[in-house]
Amino acid sequence: QVPLVESGGGLVQPGGSLRLSCAASGSIFTINTMGWYRQAPGKQRELVATITSGGRTNYADSVKGRFTISRDSAKNTVYLQMNSLKPEDTAVYYCYADRVRTVVGVFLDSWGQGTRVTVSS
């Protein structure tokens, strides 16, 4: 896979905000879809939000109206602005990228190592 480096996680109080960033590294030509997934303790990994190269977005119902996904394709970077955070948002957040076209080939699925978000008072 193509290396994806996440940043921005941490501890925040309920109602607070965090901004996650994820950058794909390497000699990259294009990336189709980028997004964020999360996995909370005792739960399966779930989709949070995705964004296509054309700017089409998709959100989980649980985060609609609170989270905003965006990307800077020139920097091969995707962002997740998280507002009005709730304790149930606590999870490890994983960056995802598909159809990453590089100088050596196309990578169908790439995952970051995860960044932890903890929402607690």
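Conventions adopted
- Each chain carries its own residue numbering, running from 1 in the written order of its sequence.
- Selection of residues for local features in this predicted model requires a pLDDT of at least 70, selection of side-chain atom pairs for listing and counting requires 80 or more, and totals for whole chains, interfaces and linings are taken over all residues.
- Hydrogen atoms and water are omitted, and side-chain values are computed over all heavy atoms in the structure.
- Strands are runs of DSSP state E lasting at least 2 residues, helices are runs of H or I lasting at least 4, and numbering of each runs from the N terminus.
- The rule is simple: take the accessible area with a 1.4 Å probe, protein chains only, and divide by the maximum for that residue type; under 20% is buried, over 50% is exposed, in between is partly exposed.
- In this analysis, two residues are considered to be in contact whenever any of their non-hydrogen atoms come within 4.5 Å of each other.
- In short, Shrake-Rupley with a 1.4 Å probe defines the accessible areas, and a residue's cover is counted only from the protein chains shown.
- The rule for pairing is simple: two strands pair if DSSP sees at least two bridges between them.
- Two N or O atoms form a polar contact when they lie within 3.5 Å of each other; inside protein one atom must be a possible hydrogen donor and the other a possible acceptor, and for residues adjacent in sequence the pair counts only when both atoms belong to side chains.

Enquirer: Sorry if this is basic, but what is going on with the overall build of the chain here?
Expert: Scanning the chain for helices and strands turns up zero helices and 11 strands. Relative to its full complement of 121 residues, the chain shows a buried share of 45%. Long-range pairs, those at least 24 residues apart, make up 56% of the contacts in the chain between residues at least 6 apart in sequence. Of the roughly 6300 Å² of accessible surface on the chain, 47% is carried by carbon and sulfur atoms.

Enquirer: Just checking my understanding: could you explain the pairing of strand β3 (residues 18–24) for this structure?
Expert: Both faces of the sheet carry side chains from a regular strand, because those side chains alternate between them. Within β3, five of the seven residues are buried, which leaves the element mostly enclosed by the surrounding structure. Across four bridges, strand β1 (residues 4–7) lies against β3 in antiparallel orientation. Pairing of S7 across the sheet is with S21, part of β3. With six bridges joining them, β3 and strand β8 (residues 77–82) adopt antiparallel strand pairing. Bridged to L20 within β8 is L80.

Enquirer: Mind showing me how you'd approach the environment of N83 here?
Expert: Within the fold, N83 resides in the loop between β8 and β9 (91–102). In sequence terms N83 and R66 are 17 residues apart; their C-alpha atoms lie 5.2 Å from each other. Aside from chain neighbours lying at most four places away, what touches N83 is G16, S17, R66 and F67. Within the structure, N83 has its side chain in polar contact with the side chain of Q81 (distance 3.0 Å).

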